[in-house]
Amino acid sequence: GCIGADSIDIVVNDVPVLLITQPEAICQPGVVDLTNPQITSGSSAGTLSYWTDADATAALANPSAVNVSGTYYIKLSSADGCETIAPVVVNVLPRPVTSAISGETTPLCESEGIVYSVNPAPTSNFQWSLQGLDGSSIVAGQGTAAIAVNFGSINGFLQVVQTGANGCVAET
C-alpha cells in the first residue's frame, strides 16, 4: 500500500486586547464622549464600534454624546477579523433642584437681619453671595438654605449656588 499525506498551515490570530478606562461621572446636562481615545488607551489596533447591548446587535446612535446613565459596549475589530467586546459605564448625575429665593426684594437702606431662603434640600450645601451690594454682609446662615443680611446703601443682587451631595451644582 501507498500512503498519502498532506498538511496545511493553520494561523490562529490573537483576540485583540480591549482595555477600558471608565469615564468620570458627569453632571446633567453634560455628555460623555465614548469615542474619546483615553477610554480605550492601550488597546490593540483596530476599528472601534459602540453598542447598547452586550452582543453588539444594537448600535449606539451617538457615542460621542451619551447623556443617559447606563452600561454601553465597545467592540474592537482587528484587521484579521477577530473581535472582542467590553462594557463601559456612563454615570450622569442629576443636578440639585433649586427653588426661587424668597425674601424682601426692596429692603430699606441699611436694614439689618433681612432673611432670604430657598427650599432646603437634604445633603446640599448652599453658597450665598452678594453681588454689587457694597457695604452689605451676610451675618448668619452661610452654607445653609437660609441667610440673614445686613444691608448698606447700594443696590445689587443676591445669588445662591447649591451643591448636591453628588457634587453637581445649580444656581439661583
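Owing to the predicted nature of the structure, the values given are computational and were not obtained by experimental measurement. (Residues numbered from 1 in each chain as written. Predicted model: local features only at pLDDT ≥ 70, side-chain atom pairs only at ≥ 80, totals over all residues. Heavy atoms only, no water.)

Below, the discussion takes up the overall build of the protein chain. When helices and strands are counted, the protein chain shows zero helices and twelve strands. At 29 Å, the protein chain has a C-alpha radius of gyration far larger than the 16 Å of a compact globule built from 172 residues. Overall, the C-alpha framework of the protein chain stretches about 120 × 25 × 25 Å when taken along its three principal axes. Of the roughly 10,400 Å² of accessible surface on the protein chain, a fraction of 53% belongs to carbon and sulfur atoms. (Helix = DSSP H or I, 4+ residues; strand = E, 2+ residues; numbered from the N terminus. Rg over C-alpha atoms; globule rule 2.2 N^0.38 Å. Areas by Shrake-Rupley, 256 points an atom, 1.4 Å probe, with all protein chains shown as cover.)

What follows deals with the environment of Val 90. Take Val 90: it is sitting in strand E4 (residues 83-90). On the accessibility criterion, Val 90 (2% relative accessible area) is buried. The spacing of Val 90 and Ser 69 is 21 residues in sequence and 5.0 Å in space, taken between C-alpha atoms. The residues contacting Val 90, other than those within four sequence positions of it, are Val 32, Leu 34, Val 66, Val 68, Ser 69, Gly 70 and Tyr 72. (Buried < 20%, exposed > 50% of the residue type's maximum accessible area, 1.4 Å probe, protein only. Contact = heavy atoms within 4.5 Å.)

This part is about the packing of aromatic side chains. Across all of its chains, the model carries one aromatic pair by this definition. Between the aromatic rings of Tyr 116 and Phe 151, the centroid separation amounts to 6.1 Å while the plane-to-plane angle is 80°, which identifies the pairing as edge-to-face. In this pair, Tyr 116 sits in strand E7 (residues 114-117) while Phe 151 sits in the loop between strand E10 (146-150) and strand E11 (157-163), placing the two residues 35 residues apart along the sequence. Classification of Tyr 116 by relative accessible area gives buried; the value is 6%. (Phe/Tyr/Trp six-rings, centres within 6.5 Å; stacked < 30°, edge-to-face > 60°.)

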